[in-house]
Every structure is written in C-alpha cells, then in structure tokens.
Amino acid sequence: MTIVGRPNVGKSTLLNALVGAKLAAVSNKPQTTRNRIAGIRTLPEAQIVFLDTPGIHAARSPLNRRMVEVAKRTLGEAEVVLFVIDAATGLTASDRELATTVKAQKVPTIVVLNKIDRLTRLALLPIMAQIATVMPDCEIVPTSARKGDSLPVLLEVVSKQLPEGPRLFPEDEYTTETERFIAQEIVREQIFRATKEEVPYATAVVIESFEEKPDRKVVVIGATILVERPNHKAIVLGAGGLQLKEIGQKARKELETLLGTRVFLELFVRVEPDWARNGRRLDELGI
C-alpha cells in the first residue's frame, strides 16, 4: 500500500496515524520526508503494510531528485495506492499531473482528501466533485490525519482493496525500520520544527551509536547533525547552544515514549560542505 502525493499534503502524518506510532518526521514544511518508510497495521481481518514516500515535485537538486526517484519507484511497485490530496488547497495543477501518473499504474487507488478539519463540510463538496472527475471510479475518503477523523473508515476501505495472502509480520510489529532509523527521523523532525528557511533542508542526521544498557534501564544514543555551512551550524546550535539543547530535549522525550525507557541523547553538529550534492554521502544516508 503506497502513500503518494505532492509535498506537504500530510502523508507522513497519515502514516503515523494509521500505524499508531511515530515513524516518520512531521513538520509544516514541505519535503520533510526523504526516504520510503514502512508502517504495519494489523487488524482482525487484514494486515496492511503502508509505504510512505517523499512528496513528488519538480526536483532540481541531487537530493530532491533522489527523493522523487524513491517516490516514483515505490509507486511503480504498488499493489494499491493511497493518493493524498490536501483539502485546504484544493485540487492543484500538481495534483492533476500526479493523478495522470497514478492512473498509468493501473492499480486500485483510494483518494484520501486530507486536512478536512480546515474546511466546512459544504466547502468539501466541490473539491470532491473535481477529484471524481480527475480520478473516476476511485473511492474518495475525506479525513483529518492530524485529528484522526474517519481513519477507521479509511482502514476499512483499504482492507477491501488488498489482495488475499498470509500475514507476513507478527501482530505487535508496526514497522520494518530499525530503531536507529526512527531515532534519526525524530531528531530530524525537531530540527525542521526549530529552524527556518533553507537551514532544515541543508541538514541531515547520522546516528553514530545506539546502545541499550538494560542494567541501567537506559538507551544511549549519539547523533551527528550534518550542515552545509558554518552559519547553519551557528543557527542549529543557537546562542550558547540553547537551540541544540532544546532540539535534543524534545527528541529525547519522543524517543522515550517510543522506546519505553529512559534515553540519553547526545547531539553534535558538524559542517560538511555540499553533503547534499555528494552522491556517495547520499548513498550512506540511505537516500
């Protein structure tokens, strides 16, 4: 089940809500998601594997081109597609272009009209009519991933579209991603939330160490934040290191909730010029 859409329509918020756990970084900035992220939801009648993808857009930089390639490749592998559209902006030209790409896959598609909490129900009707014209024969499910509106309905619709087959994962498993990857996403989310303009897009997070210490009931995590310029480092650090401290505190709380134990999180910031244009570094980062 591949989740696709243009940037900032709420795909990652939807993934987290459907799975019931924080897997993907979420912010109000577009292009927050950089990787394909798998989430698993097991229901009495079905087991669903959701694949979140980066927003599909006109990419120019090497990093963004790779992100779009990941999304398109994942779309090409889909058995069922969740096509997410932002109700607050309505059906845009980019949505229409992506609709053509989705229809070309010739796989069952469900249109998720997200962020309905930002509109009146009356205002949704013309948008749904437009979508029905562009994506005929596709079921449209209005929802708010942020508030959880209509998620049970969406899960029911999704379950009916899935091909029959055995369950592939234990019932209590909710992702195939590693805890190191999720820790990276959580730290990166806080950077996106704390910084502005080009700074969040010029950062990456590398988990250098992840050590469980059962005797002390703590997980010790060391992470390096990569930035492209010295002035970006100064912004991430903040005056007297206060911004970095706040990023770390918020990320640590999220990690403790996720891991169910105390977390000691140590963050470092390192300038690595043009990391986002270095193919080898992008490979190392899994992008």
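Shown above is the structure to which this text applies.
Structural notes, computed from the coordinates. All figures in this text were calculated on a predicted structure; none of them were measured in a lab.

What about the packing of aromatic side chains?
Tallied over the entire structure, the rule returns 1 aromatic pair. When the ring of F192 is compared with that of Y201, the centres are 5.4 Å apart and the planes differ by 85 degrees; the resulting orientation is edge-to-face. Take F192: its relative accessible area is 0%, and that puts it in the buried class. On the basis of relative accessibility, which here comes to 27%, the residue Y201 falls in the partly exposed class.

Some points on the sheet that holds strand β7 (residues 203–213)
Spatially, 3 strands are ordered β7-β8-β9 in an open sheet, and the strand pairing comes out mixed. In this open sheet, the two strands that pair with only one neighbour each are β7 and β9 (262–271). The sheet shows a mean angle of 15 degrees between the axes of neighbouring strands, taken without regard to direction. Here strand β8 (residues 218–227) pairs with β9 via 10 bridges, running parallel. Residue pairing across strands places G222 opposite E266, the latter belonging to β9. Contacts from helix α7 (residues 230–237) reach β7, β8 and β9 within the one sheet, and its direction differs from that of β9 by about 155 degrees. In this fold helix α8 (residues 242–259) packs onto β7, β8 and β9, with an angle of close to 140 degrees to the strand it touches most, β9.

Topic: helix α4 (residues 121–134)
The end-to-end C-alpha separation of α4 is 20 Å, in line with the 20 Å expected for 14 residues at 1.5 Å each. All of the buried residues along α4 are L124, I127, I131 and V134. Projected down its long axis, α4 carries its buried residues within an arc of 75 degrees, all on one side. For α4, the exposed residues lying more than 90 degrees away from the buried face are L122, L125 and T133. Looking at the buried positions of α4, the neighbouring elements they touch are β4 (81–86), α3 (93–105), β5 (109–114) and β6 (139–142).

Thresholds applied
- Residues numbered from 1 in each chain as written.
- Predicted model: local features only at pLDDT ≥ 70, side-chain atom pairs only at ≥ 80, totals over all residues.
- Heavy atoms only, no water.
- Phe/Tyr/Trp six-rings, centres within 6.5 Å; stacked < 30°, edge-to-face > 60°.
- Buried < 20%, exposed > 50% of the residue type's maximum accessible area, 1.4 Å probe, protein only.
- Pairing = 2+ DSSP bridges.
- Helix = DSSP H or I, 4+ residues; strand = E, 2+ residues; numbered from the N terminus.
- Axes fitted to C-alpha atoms, helices over the stretch in contact; angles between N-to-C directions.
- Contact = heavy atoms within 4.5 Å.
- Expected span 1.5 Å × (residues − 1).
- Arc of directions from axis to C-beta.

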